[in-house]
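These are the residues of each chain, in order.
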Amino acid sequence: MDSTLAHTDLNDPSKTKTVLFYNDVITGLKSTPKRLNSKYFYDANGDKLFQELMNSPEYYPTDCELEIFSEKTAEIADALIADGDAFDLIELGAGDATKSTYLLKYLLEKKADFTYLPIDISENVIAYLNMTLPVTLPGLQITGLNGEYFHMLTKAASISSRRKVVLFLGSNIGNMPINDAIEFCRELRKHLSPGDMALIGMDLKKDPKVVLAAYNDKEGITKRFNLNLLERINRELNSNFDVSKFEHYPTYDPETGACKSYLISTADQRVTINGKETIAFLKDEYIYMEISQKFTIMQADQIAINTGFVPVGQFFDTKKWFIDAIWVAA
Ligand SMILES: C[S@@+](CC[C@H](N)C(=O)[O-])C[C@H]1O[C@@H](n2cnc3c(N)ncnc32)[C@H](O)[C@@H]1O
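An unreviewed UniProt entry annotates the protein chain as Dimethylhistidine N-methyltransferase of Mucilaginibacter lappiensis.

Structure representation (structure tokens):
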């Protein structure tokens with residue numbers, strides 16, 4: 001039996017993260033129905049799998065948003081620069097920052113006075129951005145912040161009181177049910193001052209077959225991405241998931257726009273987490289892994305208006321499959 005966690009020093013930051021992970025996993029797997037929080041997808045392996053997924057032919061959201069950022073860089077940047085005051089460009093869940101790099105490059109060329117503050121829960125992502133961006137974008141002022149969205153947004157505000165422009169791309173906002181997304185935007189608004197801006201990427205409702213294929217790619221990357229979370233639990237929490245006994249099952253409901261991923265247990269089985277807690281699975285029982293909500297354009301505006309923002313700009317890809325909306329804090 002591993003007793004690492006029982007003796008964890010909660011003042012040790014790396015152990016605190018492990019304890020939080022452990023508590024969330026146990027709470028989720030003891031719930032009915034069982035669930036895991038998709039924010040834990042992103043360890044170093046998960047980051048790599050997500051990059052593979054972004055390059056897969058079926059995963060259209062990245063291509064759509066890349067098109068917007070590469071084709072409409074100047075319009076987006078000019079809207080964010082506004083009247084030219086110095087600002088902090090804060091990116092929530094930055095990932096590899098491929099799309100924002102277009103914007104950063106243009107802002108540097110325009111000699112805009114800004115600091116880039118990428119926030120990500122993945123340590124690996126922040127280390128990568130801190131190391132690579134100053135090389136690829138000479139002159140960039142960057143301070144990477146590793147942690148949860150709002151903890152790090154509070155930290156960003158403690159570092160600087162300049163005008164804030166918050167990027168939240170990749171339809172990360174869709175990784176929460178709509179009511180939680182509304183709450184999230186309300187909370188975001190509380191962290192901002194009137195005149196601050198947000199640029200929110202949202203995946204739009206479209207042909208259900210196109211949506212479902214993106215979460216069920218032929219190469220099985222999404223499947224490996226989901227199973228990686230069980231493997232992460234094995235690696236970091238001394239557990240014994242047999243990943244060959246779980247199947248990836250994505251669904252899309254065109255009515256609600258909810259695209260959900262599940263892992264289905266293919267046998268009656270028991271899994272021991274950290275040598276302490278045993279979780280029983282029945283054959284065909286599922287773990288709810290992730291939601292990737294799809295929106296209508298009207299819903300995007302409504303969310304802004306209902307949470308204290310004024311929608312002031314909309315950018316679309318040519319297929320109109322994705323929107324990057326600019327909101328100003330009222
Ligand atoms: C779907 S990826 C998108 C990355 C990037 N925004 C893009 O559009 O390509 C989500 C990113 O958000 C980060 N993330 C997820 N939940 C988070 C949270 N609660 N706090 C901070 N970062 C989070 C993940 O580590 C990951 O890098």
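A. Inspection of helix α10 (residues 221-236) at higher detail. Between its first and last C-alpha, α10 extends 22 Å over 16 residues, near the 22 Å set by a 1.5 Å rise per residue. Within α10, the axis deviates most sharply at asparagine 228, by approximately 25°. Within α10, burial applies to Ile221, Thr222, Phe225, Asn226, Leu227, Asn228, Leu229, Leu230, Arg232, Ile233 and Asn234.

B. Spotlight on the site of the ligand. With respect to spatial proximity, 17 residues lie near the ligand, and among them Tyr42, Gly93, Lys99, Asp120 and Glu148 are the closest. One of the side-chain nitrogen or oxygen atoms of aspartate 120 is found 2.5 Å away from an oxygen atom of the ligand. Residue isoleucine 121 places a main-chain N or O atom 3.1 Å away from a nitrogen atom belonging to the ligand. Expressed as a share of its isolated accessible area of 590 Å², the protein-covered part of the ligand is 93%. When atom positions are compared with the pocket grids, the ligand is found to occupy the largest pocket. Taken together, the residues that form the shell around the ligand break down as seven nonpolar, six polar and four charged. When residues of the shell around the ligand are assigned to domains, at least three fall in each of domain 1 (5-56 + 210-291) and domain 2 (72-204 + 300-329).

C. Fine view of the sheet that holds strand β2 (residues 87-92). In spatial order, the strands read β4-β3-β2-β5-β6-β13-β12; together these seven strands make up an open sheet with mixed pairing. Edge positions in the open sheet fall to β4 (145-146) and β12 (309-316), since each of these has one partner strand only. Looking at chain direction, strand β6 (residues 197-203) and strand β13 (residues 322-329) are connected through seven bridges and run antiparallel. Bridge pairing in β13 links aspartate 203 to phenylalanine 322. Across the sheet, helix α8 (residues 178-190) lies against β2, β5 (163-168), β6, β12 and β13, angled at about 115° from β12, the strand it touches most.

Each value, and the rule that gives it
Residues numbered from 1 in each chain as written. Predicted model: local features only at pLDDT ≥ 70, side-chain atom pairs only at ≥ 80, totals over all residues. Heavy atoms only, no water. Helix = DSSP H or I, 4+ residues; strand = E, 2+ residues; numbered from the N terminus. Expected span 1.5 Å × (residues − 1). Bend = angle between axes of the 7 residues up to and from the residue. Buried < 20%, exposed > 50% of the residue type's maximum accessible area, 1.4 Å probe, protein only. Near = heavy atom within 4 Å. Polar contact = N/O pair within 3.5 Å; in protein donor to acceptor, adjacent residues only side chain to side chain. Areas by Shrake-Rupley, 256 points an atom, 1.4 Å probe, with all protein chains shown as cover. 1 Å grid on protein atoms, 1.4 Å probe; cavity = no way out; pocket = protein on both sides within 12 Å on 5 of 7 lines; lining within 4 Å. Sits in = over half its atoms within 2 Å of the grid points. Nonpolar A, V, L, I, M, F, W, Y, C, P; charged D, E, K, R; others polar. Domains from an automatic or database assignment. Pairing = 2+ DSSP bridges. Contact = heavy atoms within 4.5 Å. Axes fitted to C-alpha atoms, helices over the stretch in contact; angles between N-to-C directions.

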